[in-house]
Amino acid sequence: MQPPIPQASRARLFKEYKEVQREKAADPDIQLVCDDSNIFKWTALIKGPSETPFEGGVFQLAFAVPEQYPLQPPQVRFLTKIFHPNVHFKTGEICLDILKNAWSPAWTLQSVCRAIIALMAHPEPDSPLNCDSGNLLRSGDIRGYQSMARMYTRLAAMPKKG
């Protein structure tokens, strides 16, 4: 038998769901969607920040929310391939302090999306999950990094023109 899911986390997620419905127009860069059958599974579509190699791309994120939420952070990963030092190229895992040791229950799924967009604009090459892109930035090859990131954005995150 499954242990009962804590009411607090369910209530919190339901509250966030209602806020997301209300704020759809207010934040056009983020589209958060809750799984129809499981409030602990969400996906998000985020727009690549302007003036970055990700501009024009739409990136899909998968959220697995633990039953201890909001006391524990959600697990978030990119489903869309992205060339970024803080994102594992194969698994989509994201290296971001708020998803690990700097988590606070004040964060919401929406604000996590905002933080990920900020990370896309301001990579941290000193804690890379993608060493290739981290090394390009650390060695000062900004152009090399940007052209690779732009290429993957075009390949993976932009609608195919048919």
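Let me begin by describing the structure that accompanies this report. (Residues numbered from 1 in each chain as written. Predicted model: local features only at pLDDT ≥ 70, side-chain atom pairs only at ≥ 80, totals over all residues. Heavy atoms only, no water.)

So, about unusual backbone geometry. Residue Pro 70 is bonded to the preceding Tyr 69 through a cis peptide linkage, with omega at 5°. As for its placement among the helices and strands, Pro 70 is situated in the loop between strand S3 (58-64) and strand S4 (75-78). Even without being glycine, Glu 51 reaches a positive phi, approximately 60°. Note on placement: Glu 51 falls in the loop between strand S2 (41-47) and S3. (Helix = DSSP H or I, 4+ residues; strand = E, 2+ residues; numbered from the N terminus.)

Take the pattern of salt bridges next. Throughout the structure, instances matching the rule amount to 4 salt bridges. Taking the shortest distance from any N to any O, the salt bridge between Arg 12 and Glu 16 comes out at 2.8 Å. Within this pair, Arg 12 and its partner Glu 16 are both found in helix H1 (residues 7-23), separated by 4 residues, close to a single helical turn. On the basis of relative accessibility, which here comes to 17%, the residue Arg 12 falls in the buried class. A relative accessible area of 4% means that Glu 16 is categorised as buried. Here Arg 114 ties to Asp 29 by a salt bridge, and the two come within 3.8 Å at their closest N and O atoms. Placement of Arg 114 in helix H2 (residues 109-121) and of Asp 29 in the loop between H1 and strand S1 (30-34) is noted, with a sequence separation of 85 residues between them. Among the charged side chains, a network of salt bridges with common partners joins Asp 27, Asp 29 and Arg 114. (Salt bridge = Lys/Arg side-chain N within 4 Å of Asp/Glu carboxyl O. Buried < 20%, exposed > 50% of the residue type's maximum accessible area, 1.4 Å probe, protein only.)

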